[in-house]
Amino acid sequence: MDVTCKVLSLPGGENGRCRSRPTRDMKGWKEILNTSLGILQQGGVIAVPTDTIYGIACLAQNSQSISNIYNVKGRNGTKPLAICVGNVDDIYRYCQVRVPDQLLRDLLPGPVTLVMERSDRLNKELNPFTSLVGVRIPDHAFIRQLAEVCSEPLALTSANISSQDSTLTVEEFRDLWPKLSLVVDGGPIGELSSPECRLGSTVVDLSVPGKFTVIRDGCALTSTVDILTNTYGLLPNS
C-alpha cells in the first residue's frame, strides 16, 4: 500500500508513556506539535493519540476539513463529530453549560465526552442536524496542547473505518494512512488484549438541567455516574 502521509513518533511513545509532557526531548515534541498545527491549518486530517483510543482530528471551524474527515472515515454524514478543547474554560465558548463548573473539572480531563447545547460560536456546518455537541478534553498532553495552539476546537472521531473496531496502535489503522496527512504515533494505548480498552470514552448528555443520559457506556461509566449522582445529585433522564 502506498503510504503518502508522514508518521512521527512522540518522545516516550515507544513505551506508551507520553500522555504527560515529556521530561526529555522537548524540542522533538514541539516540532511534532508545530507540524501538526501547520497541517491542520491547511485543512488536513491527522491521527492522534488520546487517553482512550486513537483518534483522527481536523479543525472544527473549517467546513472543508469537516468534509475531509468524513471522507477519511467513510462515515455517514448524519453521525455527529465531537469537539476537543484544551481546557475547561474553552468549553464555555462553544457550549451552553448548564451544570456546575466544578462538575466539569471533576470529569475533565478524562475519558468522558459531555454532550451539551452548542453555542453560536461553533461552526454551523459541524453537525448541522443537531443543536447538541459532544466535547472532550482527553487526559493526554499532546492533543490538549494541540487544541490550545490551534486556538479553536478540534473535530475528533475514532481512527478507524466506521463500524470497525477502535484502535490502540497506529498499525491497527494502517489502511487509513493513505487518506491522512499525518499520523502522530504515541505508542500503544492501554492493554491491547483487553476488549475494555477499546470501548472509547463514556458519552453523557448533560443538556437537560438536573438530569443526565448515558449515550454510550464507554470505559468510565461507573466512575462518571458516581460523580453525577452521588456528588452532584443529577438524576438519570429516563
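Note that this is a predicted model, so its numbers are computed, not measured.

Quick notes on the overall build of the chain
Turning to step 1, where the next piece is worked out: The number of helices and strands found in the chain is 6 helices and 12 strands.
Turning to step 2, where the next piece is worked out: What you see for the chain is a C-alpha radius of gyration of 17 Å, in line with the 18 Å of a compact globule of 238 residues.
Turning to step 3, where the next piece is worked out: By principal-axis analysis of the C-alpha atoms, the chain measures approximately 50 × 35 × 35 Å.
Turning to step 4, where the next piece is worked out: Sequence-distant contacts, at least 24 apart, represent 64% of the contacts inside the chain between residues at least 6 apart.
Turning to step 5, where the next piece is worked out: For the chain, the accessible surface area stands at approximately 10800 Å², while carbon and sulfur atoms represent 47% of it.
Turning to step 6, where the next piece is worked out: When the 23 positive and 25 negative side-chain charges of the chain are each reduced to one mean point, those points stand 3 Å apart.

A short note on helix α5 (residues 141-150)
Turning to step 1, where the next piece is worked out: Most of α5 sits out of view: 7 of its 10 residues are buried.
Turning to step 2, where the next piece is worked out: Where α5 is buried, its residues touch α1 (26-41), β2 (46-49), β3 (54-59), β4 (82-84), β8 (154-158) and β9 (182-185).

Looking at the UniProt feature "domain: YrdC-like" (unreviewed entry) in the chain
Turning to step 1, where the next piece is worked out: The sites that carry the UniProt feature "domain: YrdC-like" (unreviewed entry) are, in the present numbering, residues 30-220.
Turning to step 2, where the next piece is worked out: Note that residues 30-220 is 25% helix and 24% strand, and that its end C-alpha atoms are spaced 30 Å apart.

Some thoughts on the pairing of β9
Turning to step 1, where the next piece is worked out: Residues L182 and V184 point to one face of β9 and V183 and D185 to the other, with burial holding for every one of them.
Turning to step 2, where the next piece is worked out: In terms of strand pairing, strand β1 (residues 6-9) meets β9 through 4 bridges, oriented parallel. Looking at β9, one finds that L8 is bridged to V184.
Turning to step 3, where the next piece is worked out: Taken together, the 2 bridges between β2 and β9 define a ladder with parallel strand orientation. By the bridge assignment, A47 is partnered in β9 with V183.

A word on the side chain of D51
Turning to step 1, where the next piece is worked out: Within the fold, D51 resides in the loop between β2 and β3.
Turning to step 2, where the next piece is worked out: Here R136 takes part through its side chain, which lies 2.7 Å from a polar atom of the side chain of D51.
Turning to step 3, where the next piece is worked out: Those residues in contact with D51 that sit more than four places away from it in its chain are R19, G110, P111, R136, P138, D139, H140 and I189.

Some thoughts on unusual backbone geometry
Turning to step 1, where the next piece is worked out: The peptide bond linking L108 to P109 adopts the cis configuration, its omega dihedral lying at -5°.
Turning to step 2, where the next piece is worked out: Looking at the element boundaries, P109 is found in the loop between α4 (101-107) and β6 (112-118).
Turning to step 3, where the next piece is worked out: Not every positive phi belongs to a glycine, and S151 is a case in point at roughly 60°.
Turning to step 4, where the next piece is worked out: Mapped onto the fold, S151 is located in the loop between α5 and β8.
Turning to step 5, where the next piece is worked out: Although it is not a glycine, S163 sits at a positive phi angle of roughly 80°.
Turning to step 6, where the next piece is worked out: Within the element layout of this structure, S163 appears in the loop between β8 and β9.

Cut-offs applied
Residues numbered from 1 in each chain as written. Predicted model: local features only at pLDDT ≥ 70, side-chain atom pairs only at ≥ 80, totals over all residues. Heavy atoms only, no water. Helix = DSSP H or I, 4+ residues; strand = E, 2+ residues; numbered from the N terminus. Rg over C-alpha atoms; globule rule 2.2 N^0.38 Å. Contact = heavy atoms within 4.5 Å. Areas by Shrake-Rupley, 256 points an atom, 1.4 Å probe, with all protein chains shown as cover. Lys, Arg positive; Asp, Glu negative; His and termini not counted. Charge placed at Lys NZ, Arg CZ, Asp CG, Glu CD. Buried < 20%, exposed > 50% of the residue type's maximum accessible area, 1.4 Å probe, protein only. UniProt positions renumbered as here; feature names shortened; annotations may be inferred. Pairing = 2+ DSSP bridges. Polar contact = N/O pair within 3.5 Å; in protein donor to acceptor, adjacent residues only side chain to side chain.

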